[in-house]
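This is what each chain is made of:
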Amino acid sequence: MSATDRANRIELQAADRPIREVNDEIRAALADGREVLVRDARSRHNLGVGLPSASRVRFEGSVGYYCGGLNDGAMIEIERNAGWGVGEAMARGEIVVGGYAGMAAGASMRGGLLHIRGDAGPRCGVAMKGGDIIVEGRIGYLSGFMAHAGRLIALGGAGEACADSLWGGEVWLAGPAESLGVDARIEEPGAEEVESVEALLASRGLGDSGRDWRKVVSEQRLWHFESRDAKAWLMI
């Protein structure tokens, strides 16, 4: 790291300090045009919520629940693991998790990129409304549940009830799923779609043209209530 880079970066301690105080210091440093390194994160919850665009924050160690929630364009890096809801309701920007992400990673996100280098817990991408989620490992049960838009890409396959009640998004699997959820089906992806997914992965250093993709989409039975098919609704 150059002397200029070091001068442009500020280091903060999370430790056992009040989270509001830590987040206020992060925002103040970002407003001053500086990058932020947060040390001793201690898996604290609600770190780095609502960060602005054109800013960079790195968390050393693991973080707790809802890190990077409501992200509005920041580049956030988490060295190790993340708890529930990392990147929840993200509008834009990028979040990279160096290890495992807990339940509901990327929940309700509307845009941006969430890149998880390990596995993701249950309900990854729940109610997703845009953007991309890349999981290098496996996604847990009910991932993609009620997603409306965007792509959830899992290189290690999926747990039970994958894409349950999927509305309009896509779940891309390069590994097997234990089972598909209600109103989900596998569709043969088009060449241009595969090229788009592979290009995104290659841009993240994950290029591999030999993957056997399964694209999971909505069967659209739940788009309109049908009394003769009430069983499908009761299974949600």
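Residues numbered from 1 in each chain as written. Predicted model: local features only at pLDDT ≥ 70, side-chain atom pairs only at ≥ 80, totals over all residues. Heavy atoms only, no water.

Engineer: Account for the side chain of Asp183, with residues named and values stated.
Structural biologist: Mapped onto the elements of the fold, Asp183 is located in the loop between β9 (170-173) and β10 (184-187). Buried charge without a partner: Asp183 forms no salt bridge, and the closest opposite charge is Arg221, 4.5 Å away. A distance of 3.2 Å separates a polar side-chain atom of Asp183 from the backbone nitrogen of Leu222. Dropping the residues within four chain positions of it, Asp183 is found in contact with Leu166, Val217, Ser218, Glu219, Gln220, Arg221 and Leu222. (Helix = DSSP H or I, 4+ residues; strand = E, 2+ residues; numbered from the N terminus. Buried < 20%, exposed > 50% of the residue type's maximum accessible area, 1.4 Å probe, protein only. Lys, Arg positive; Asp, Glu negative; His and termini not counted. Salt bridge = Lys/Arg side-chain N within 4 Å of Asp/Glu carboxyl O. Polar contact = N/O pair within 3.5 Å; in protein donor to acceptor, adjacent residues only side chain to side chain. Contact = heavy atoms within 4.5 Å.)

Engineer: Residues and numbers for the packing of aromatic side chains, please.
Structural biologist: Applying the stated criterion across every chain, the model contains 4 aromatic pairs. Their ring planes at 75 degrees and their centres at 6.2 Å tell us that Tyr65 and Tyr66 sit as a pair that is edge-to-face. In this structure Tyr66 comes out as partly exposed when scored by relative accessible area, which is 32%. An aromatic cluster is present here, built from Tyr65, Tyr66 and Trp84 joined pairwise through their rings. (Phe/Tyr/Trp six-rings, centres within 6.5 Å; stacked < 30°, edge-to-face > 60°.)

Engineer: Explain helix α2 (residues 19-31) to me, and be specific about the residues and the numbers.
Structural biologist: With 13 residues, α2 extends 18 Å from end C-alpha to end C-alpha; this agrees with the ideal 18 Å at 1.5 Å per step. Tucked inside the fold, the buried residues of α2 contact β1 (9-13), β2 (35-39) and β3 (56-59). One or two steps after α2, the chain reaches Gly33, where phi turns positive at roughly 80 degrees. (Expected span 1.5 Å × (residues − 1).)

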